[in-house]
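Each chain, written out:
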Amino acid sequence: MNDGKIGLGVIGCGGFGLFALQNFVQVPGVKLMAMAGTAREQALTAAKRFGLPDVGEVDDLLADPDVDLVYIATPPFLHHPQAMAALTAGKHVIVEKPMALTVAHADEMIAAARERDLLMTTNLMQRYNPMYDSISGVIDTGALGDVLHGSFENYASDEGLFAEHWFWDREKSGGILVEHAVHFFDLFAGWLGPGQVRAARVGARDVTGLEEQAGCTVLYPSGIWVDFYHGFHQAQRMDRQVLKLAFEQGEIEAWDWIPTRLRLHAIVDEEQTRTLTELFPKSSLDASVMYAGQDRHYRNRGVEHEAYQMIEMLQGFEDRKYLRYGRLLRAMLADQLAWIHDRNHQRRITEVNGRDSLAMAEQADELAHETAQASPVPE
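Quick look at the structure, then. Bear in mind the structure is a predicted one, so any value in this text is a computation, not a measurement.

Some thoughts on the overall build of the chain
Argument step 1. When helices and strands are counted, the chain shows 12 helices and 16 strands.
Argument step 2. Computed over the C-alpha atoms, the radius of gyration of the chain is 22 Å, within 12% of the 21 Å expected from 2.2 N^0.38 for a compact globule of 379 residues.
Argument step 3. Expressed as a percentage of the 379 residues in the chain, the buried residues total 54%.
Argument step 4. Sequence separation of at least 24 residues holds for 71% of the intrachain contacts in the chain that already meet a minimum separation of 6.
Argument step 5. Total accessible area on the chain is roughly 17300 Å²; 50% of this is exposed by carbon and sulfur atoms.

Here's the deal with helix α6 (residues 130-141)
Argument step 1. Here α6 contains 12 residues, and its C-alpha end-to-end distance of 16 Å stays within 8% of the 16 Å for a straight helix at 1.5 Å per residue.
Argument step 2. Among all positions in α6, only Met131, Tyr132, Ser134, Ile135, Ser136, Gly137, Val138 and Ile139 are buried.
Argument step 3. At the exit of α6 stands Gly142, carrying a positive phi of roughly 70°.

Description of the sheet that holds strand β1 (residues 6-11)
Argument step 1. Reading across from one edge, β2-β1-β3-β4-β5 is the order of the 5 strands in this open sheet, with parallel pairing throughout. Only two strands of the sheet have a single neighbouring strand rather than two, namely β2 (30-36) and β5 (120-122). In this sheet, neighbouring strand axes are inclined to one another by 20° on average, regardless of whether the strands run parallel or antiparallel.
Argument step 2. Across 4 bridges, β1 lies against strand β3 (residues 69-72) in parallel orientation. Note on β3: the bridge partner recorded for Val10 is Tyr71.

Observations regarding the sheet that holds strand β6 (residues 147-157)
Argument step 1. Within the open sheet, the 9 strands sit side by side as β7-β8-β9-β6-β10-β11-β12-β16-β13. Their pairing is mixed. Sheet topology places β7 (196-204) and β13 (284-290) at the edges, where each strand pairs with a single neighbour. Taking each pair of neighbouring strands and ignoring which way they run, the sheet shows an average axis angle of 10°.
Argument step 2. Sheet topology places strand β12 (residues 261-268) next to strand β16 (residues 309-315); 7 bridges connect them, and they run antiparallel. From the neighbouring strand, Ile267 faces β16, where its bridge partner is Met310.
Argument step 3. α6 rests against β6, β10 (240-247), β11 (250-255), β12 and β16 of the sheet, and its axis sits at about 20° to β10.

Looking at the packing of aromatic side chains
Aromatic ring pairs are defined here through the distance separating the ring centres and the angle between the ring planes.
Argument step 1. Per the stated rule, a full pass over the model turns up 11 aromatic pairs.
Argument step 2. On the numbers, 5.8 Å between centres and 15° between planes, the contact of Tyr132 with Trp191 is stacked. Within this pair, whereas Tyr132 is found in helix α6, its partner Trp191 is found in helix α9 (residues 182-192), the two being separated by 59 residues in sequence. In this pair, the class of Tyr132 matches that of Trp191, namely buried.
Argument step 3. Their ring planes at 85° and their centres at 5.1 Å tell us that Phe167 and Trp168 sit as a pair that is edge-to-face.
Argument step 4. A residue is classified by how much of its surface remains accessible, and Phe167, at 7% relative accessible area, is buried.
Argument step 5. Every member of this aromatic cluster is reached through a ring pair, and the members are Tyr132, Phe185, Phe188, Trp191 and Phe228.
Argument step 6. Sitting over the face of the ring of Trp339, Arg347 holds its NZ or CZ atom 4.6 Å from the ring centroid.

Some words on the environment of Val226
Argument step 1. In this structure, Val226 sits in strand β9 (residues 224-234).
Argument step 2. As a C-alpha pair, Val226 and Leu192 span 34 residues in sequence and 10.0 Å in three-dimensional space.
Argument step 3. In contact with Val226, not counting residues within four places along its chain, are Gly150, Ser151, Phe188, Leu192, Cys216, Thr217, Val218 and Tyr220.

Quick look at the packing of α6 against helix α10 (residues 270-279)
When two helices pack together, their arrangement is given by the angle between the helix axes and by the axis-to-axis distance.
Argument step 1. Between α6 and α10, the least distance of the axes is 9 Å, while the angle of their chain directions is 150°. By the angle between their axes, α6 is roughly antiparallel relative to α10. Read as a crossing pair, α6 and α10 show a hand that is right-handed. Counting all contacts with α6, which are made through Ser134, Gly137, Val138 and Thr141, the residues of α10 involved are Thr275, Leu276 and Leu279.
Argument step 2. Of the residues assigned to the contact of α6 with α10, the class counts are 3 nonpolar, 4 polar and no charged.

Digging into helix α4 (residues 79-88)
Argument step 1. Taken together, the buried positions of α4 are occupied by His79, His80, Gln82, Ala83, Ala86 and Leu87.
Argument step 2. Looking at the buried residues of α4, the elements they touch are β1, α3 (58-63), β3, β4 (92-95), α5 (103-116) and β5.
Argument step 3. Following α4 by one or two positions, Gly90 has its phi on the positive side, about 85°.

Observations concerning the nonpolar core
Argument step 1. The biggest cluster of nonpolar side chains holds 116 residues, and the ones touching the most others in it are Met35, Phe188, Trp191, Phe228, Leu264 and Leu276.
Argument step 2. For this core, the leading source of residues is helix α11 (residues 321-341), giving 8 residues.
Argument step 3. Apart from residues lying up to four places away in sequence, Phe188 is in contact with Ser151, Phe152, Gly193, Tyr220, Val226, Phe228, Leu243 and Leu245.

Concerning the side chain of Ser136
Argument step 1. Note on placement: Ser136 falls in helix α6.
Argument step 2. Of the polar contacts made by the side chain of Ser136, one reaches the backbone oxygen of Tyr132; its length is 2.9 Å.

About the cut-offs
- The residue count restarts for each chain, going from 1 along the sequence in the order it is written.
- Residues qualify for local features only when their pLDDT is at least 70, as the model is predicted, and side-chain atom pairs are given and counted only at 80 or more; totals for whole chains, interfaces and linings, by contrast, use all residues.
- Processing note: side-chain calculations cover all non-hydrogen atoms of the structure and skip hydrogens and water entirely.
- Strands are runs of DSSP state E lasting at least two residues, helices are runs of H or I lasting at least four, and both sets are numbered from the N terminus onward.
- In this description the radius of gyration comes from C-alpha coordinates, and the expected globular size is given by 2.2 Å times residues to the power 0.38.
- For the exposure calls, accessible area comes from a 1.4 Å probe over protein chains only, and a residue counts as buried if that area is under 20% of its type's maximum, exposed if over 50%, partly exposed in between.
- The contact rule is simple, with two residues in contact once any of their heavy atoms fall within 4.5 Å.
- Exposure was quantified through the Shrake-Rupley algorithm and a 1.4 Å probe, taking into account, for residues, occlusion by the shown protein chains and nothing else.
- In this scheme, a helix's expected span is set at 1.5 Å multiplied by one less than its residue total.
- Strand pairing is defined by DSSP finding a minimum of two bridges between the two strands.
- Axis angles are defined between N-to-C directions and span 0 to 180 degrees, where every axis is a line fitted to C-alpha atoms and, for a helix, only to the segment in contact.
- A pair of aromatic rings is counted whenever rings of Phe, Tyr or Trp (Trp by its six-membered ring) have centres within 6.5 Å, and the orientation is called stacked for planes under 30 degrees apart, edge-to-face for over 60 and tilted otherwise.
- The rule for a charge over a ring is simple: NZ of Lys or CZ of Arg within 6 Å of the ring centre, and within 35 degrees of the ring normal.
- With respect to orientation, any angle under 35 degrees is reported as roughly parallel, any angle over 145 as roughly antiparallel, any angle of 65 to 115 as roughly perpendicular, and every other angle as oblique.
- When the near helix sits turned anticlockwise from the far one by under a right angle, the crossing is termed left-handed; a clockwise turn instead gives a right-handed crossing.
- Amino acids outside the nonpolar list (Ala, Val, Leu, Ile, Met, Phe, Trp, Tyr, Cys, Pro) and the charged list (Asp, Glu, Lys, Arg) are all regarded as polar, and Gly is one of them.
- To qualify as a nonpolar core, a set must consist of buried Ala, Val, Leu, Ile, Met, Phe, Trp, Tyr and Cys residues joined through side-chain atoms within 4.5 Å.
- Polar contact criterion, stated in full: a pair of N or O atoms within 3.5 Å, where within protein one must be able to donate a hydrogen and the other to accept it, and residues adjacent in sequence count only if both atoms are side-chain atoms.

Printed below as a string of structure tokens:
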């Protein structure tokens, strides 16, 4: 370690990797020591900004005794070989999602890290979101009754994804479900428990054949169905995502790739209202309908209930999503550093999260292509 700090080395310094790096260097106890793996002009500029003379070679970074922790932000097909090389060199590793292209490779990475008592984590930052905790509280307390159904719709931009981009090459990205959907598989697993993929689909553009759409339906414990859709076909200014959870007494909608804006609509009694205001302390609450006398009684799923008002709660509409993203990146790294210093520290995400979300993505991807072959699009 360098003056008591963890020496950070970064492999892959383009796009999101640079955004993550700007946040990682703000975490106390971290010192950036080396960058490698790209010659992009913005990476060279970033190296100079952080006081590094150049962007070097991966082998040189891994041989650097001042590098304790390696952050890998290269395309997915490089995650396994680069992580294994880093672990073999005795470095802790944080890798961008997905952990690898296959579960078999992920298992090799985990085994190598455990054998050497090293960190091996995928950057699944969603569970560090305060909104994740608030929604968990709604589910765990039963404040709106049982969860009945969920969905995640991702209408993503392809404006920066030229036809030759590695994203479209399944040998390099793993496809949409592996490369992108793992974030949301982990998010819903945190809320609902382990799920099983029951249906999946994939769709390609007529002209180019590029797979631009993918989705699946997952069954979670207690019979909860969740539908996932990911499509990369929008202009950047129309890039949008919405997450929905339907409960017995209401619904939650949350927007953005990492949920930053939330709307809760429900019919509730006094106790439920108090619980919800505690779970969403910075939200606004408006009552659209007040109930009295016999109107307070209602029935659903064969059970009698009482409600004294219909409410709408709003949260996060004044927030800027990239500020939230940055805070989550810093929280994720601080959590992992705490484990490096103290193996008894209980982390929010571990190597298991990356492995399990990849396993679900791999299962969904295989089923989607089996379905596409069995049921081709009609002429």
